[in-house]
Amino acid sequence: MNIIKQGLLASVLSLPALAFAVATPGEPAPDFSETDAAGDTHTLADYQGEWLVLEWFNKDCPYVRKHYGSDNMQSLQEKYTAKDVNWLTVISSAEGKQGYLEPDEALAEAKAHNMHNSAPLLLDPDGSMGRAYGAKTTPHMYIINPEGTLVYAGAIDNNDSANPAVIPDSKNYVVAALDAAMAGEPVEEPSTRAYGCSVKY
């Protein structure tokens, strides 16, 4: 193999680690450092010793509208932040792509959606946080325990319809995982197939 071919092969082999990293339940959660819409920086270390939920968001996604239009997501945020769970909502849409928001627009959207998250929307336009977690859809949900270990990754529930009428009869995976993990019990389904719109990297 000549030097050029060796170089190309090395380049191809190095790409997946960046492009397709996936946060795996049972393993340490990937580190992150992102700025929220108010200009404050958040890192994984900031939440050491605390429960943390990560939620990927795109205001124009019908599946996000399903859970926000029904008040399902806000109710979950309010319920668990009242139990001292941190809840961060992340936008990984690149500039020019669907769902991308400037900071002032993100602040307005959070207010319009009546969000109960722990901080203004985290803005990840270069996709570094989303790719580190392997976030593929909006919504895509992750739960991190106080030790910094990922305990759940996947869908919000078990019904991939965009119709909010199905929510009452759906099994909410995030509720099941949080309630079990916070009680010191095993999470029965630590990983599920996320559904929704693709993240617009």
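Criteria and cut-off values
Residues numbered from 1 in each chain as written. Predicted model: local features only at pLDDT ≥ 70, side-chain atom pairs only at ≥ 80, totals over all residues. Heavy atoms only, no water. Helix = DSSP H or I, 4+ residues; strand = E, 2+ residues; numbered from the N terminus. Buried < 20%, exposed > 50% of the residue type's maximum accessible area, 1.4 Å probe, protein only. Contact = heavy atoms within 4.5 Å. Areas by Shrake-Rupley, 256 points an atom, 1.4 Å probe, with all protein chains shown as cover. Patch = residues over 30% accessible without salt bridge, like charges linked within 9 Å, V, L, I, M, F, W, Y side chains within 5 Å. Salt bridge = Lys/Arg side-chain N within 4 Å of Asp/Glu carboxyl O. Lys, Arg positive; Asp, Glu negative; His and termini not counted. Charge placed at Lys NZ, Arg CZ, Asp CG, Glu CD.

Chemist: What exactly am I supposed to notice about the overall build of the chain here?
Modeler: If you tally the helices and strands in the chain, you get 6 helices and 9 strands. Here the chain, with 201 residues, has 47% of them falling under the buried criterion. In the chain, the share of contacts with a sequence separation of at least 24, taken over all contacts with a separation of at least 6, comes to 74%. In the form shown here, the chain has an accessible surface area of approximately 9,800 Å², with 53% of it arising from carbon and sulfur atoms.

Chemist: What's the story with a negative patch on the surface in this structure? I'm lost.
Modeler: A grouping of E95, E102, D104 and E105 is seen on the molecular surface, where their side chains present a negatively charged patch. Note that E95 resides in the loop between β4 (86-91) and α4 (103-112).

Chemist: Before we go on, may I ask you to explain the environment of D40 in this structure?
Modeler: By the secondary structure assignment, D40 is in the loop between β1 (33-36) and β2 (41-43). Given the relative accessible area of 47%, D40 is considered partly exposed. In this structure the C-alpha to C-alpha distance between D40 and L122, which are 82 residues apart in sequence, comes to 9.1 Å. The contacts of D40, once residues within four sequence positions are left out, are E34 and T35.

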